Amino acid sequence: MPVLARPKVLFAMRAEHLAMLFPAPLIQRLERVADIDVSLVAERFDDPRLAQVLPELDVLITGWGCPPLDEALLHEAPGLRAVLHAAGSVKSLISPALWERGLLVSSAADANAMPVAEYSVSVILLAGKGVFALRERYRRNRAFTIGEIEAAVGNYGRRVGVVGASRIGRRVLELLAPHDLDVCLYDPYTQVEGVRQVELDELLRTCDVVSLHAPETDETRHMLDRGRLALMRDGATLVNTARGALVDTGALVEELRTGRLSAVLDVTEPEPLPSDSPLFELPNAFLTPHIAGSHGNELARMGAAVLDELERLASGFPLAHQVTHDDLDRVA
């Protein structure tokens, strides 16, 4: 790969996120390797301040809220060579014109996978411990008996099923490995060494906790429909930190109303839920507002990942986290 010494770089994202993605130490590191005005953040590409910047631009550092990267941008930035995305998916960001131009595209999806995996493993362990149901009982009764043993809870030998060997799914498997759990995986395309692979229906029938980590595609939409949810064993917990559309929400509500299953949902369909959704009231539904991904100081991990990529470009090394057009059908 040719060396891109001191590339001319521009931020394109919502300005409010810049300081969290690139705190002062990362800005200093950025200024050592690139020619950039760190006070200039493009929230739209027809901003008059960009008139002298775009024609000489080599690299865009993008993030949430980046305007569309389309033919109009390519016309204004004929020398653009790379897009480094300081967030996860680039599906809605990169237009066909950019792929046709042959631009290099990189994503911080691996960095964003870490907090999602941490969240997932945390709630898997809490579910095995019976925390969600016991918390509701304690809140309702306002009392408990000290020393009473809860026979139905515990993580020793608990069977956990991971659906999807995505980058997040693989990281979940790694983080679960040190625990005394019986872990299995369903993924029709990917094998993970050392992890038992099973069919989806078997996973649903036999696992105490099912954690979803598949991308949203035509094939995976409502993969957990009424029939598949009915396969889940009594007392099982469904964890979804992937995409709400993987689960038929109406069918899930019906199952939860019976009290047979529990669910931990960081994503839903629709998102956000309507204010009258029964999921807000069901005691066996634990909802969080799409927080499993990077928040707060975790954004700086994605900024650091982008700077790693920029330094590789500047030194003539291949990108470590390149995204190709062929990748789009199998990533979130």
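Shown above is the structure to which this text applies.
Keep in mind that what you see is a predicted model, and the values were worked out from it rather than measured. (Residues numbered from 1 in each chain as written. Predicted model: local features only at pLDDT ≥ 70, side-chain atom pairs only at ≥ 80, totals over all residues. Heavy atoms only, no water.)

The next thing to look at is the overall build of the protein. In terms of regular secondary structure, the protein is built from 11 helices and 12 strands. In terms of principal-axis extent, the alpha carbons of the protein reach across some 70 × 40 × 35 Å. Here the protein holds 332 residues, and 51% of them are scored as buried. For the protein, the share of sequence-separated contacts (at least 6 apart) that also reach a separation of at least 24 residues comes to 66%. (Helix = DSSP H or I, 4+ residues; strand = E, 2+ residues; numbered from the N terminus. Buried < 20%, exposed > 50% of the residue type's maximum accessible area, 1.4 Å probe, protein only. Contact = heavy atoms within 4.5 Å.)

With that out of the way, let us pick up the pairing of strand E7 (residues 182-186). The element E7 is largely enclosed, with a buried count of 4 among its 5 residues. This β-α-β element, strand E6 (residues 159-163) to helix H7 (residues 167-176) to E7, shows right-handed connectivity. For E7 and strand E8 (residues 196-197), the ladder comprises 2 bridges, and the chain directions are parallel. By the bridge assignment for E8, Cys184 is matched with Arg196. (Right-handed = clockwise from strand over helix to strand, strands pointing away. Pairing = 2+ DSSP bridges.)

Attention now goes to the sheet that holds strand E5 (residues 104-107). Hydrogen bonding along the main chain pairs the strands of a sheet, whether they run parallel or antiparallel. On the basis of which strands lie adjacent, the open sheet formed by 5 strands has the order E2-E1-E3-E4-E5 and parallel pairing. Strand pairing shows two members of the sheet lacking a second neighbour, strand E2 (41-42) and E5, which therefore form its edges. Of the strand pairs in this sheet, strand E3 (residues 59-62) and strand E4 (residues 82-85) are connected by 4 bridges, and their pairing is parallel. Across the sheet, Val59 pairs through a bridge with Ala82, a residue of E4.

When two helices pack together, their arrangement is given by the angle between their axes and by how far apart the axes lie. Between helix H5 (residues 109-128) and helix H11 (residues 299-315), whose axes approach to 8 Å, the crossing angle comes to 155 degrees. If you check the angle between H5 and H11, you find them roughly antiparallel. As H5 packs across H11, the resulting crossing turns out to be right-handed. Along its contact with H5, which presents Ala111, Asn112, Met114 and Pro115, the element H11 presents Arg301, Met302 and Ala305. (Axes fitted to C-alpha atoms, helices over the stretch in contact; angles between N-to-C directions. Parallel < 35°, antiparallel > 145°, perpendicular 65-115°, else oblique. Left-handed = near helix turned anticlockwise from the far one by under 90°.)

In contact at an axis separation of 10 Å, helix H2 (residues 24-33) and H11 are set at 15 degrees when each is read in the N-to-C sense. In terms of orientation, H2 lies roughly parallel with respect to H11. Of the two elements, H2 crosses H11, and the hand of that crossing is left-handed. Packed against H2, whose contacting residues are Leu26, Arg29, Leu30 and Val33, the element H11 presents Ala300, Gly303, Ala304, Leu307, Asp308, Leu310, Glu311 and Ala314 at the interface. Residue composition of the contact of H2 with H11, grouped by class: 8 nonpolar, 1 polar and 3 charged. (Nonpolar A, V, L, I, M, F, W, Y, C, P; charged D, E, K, R; others polar.)

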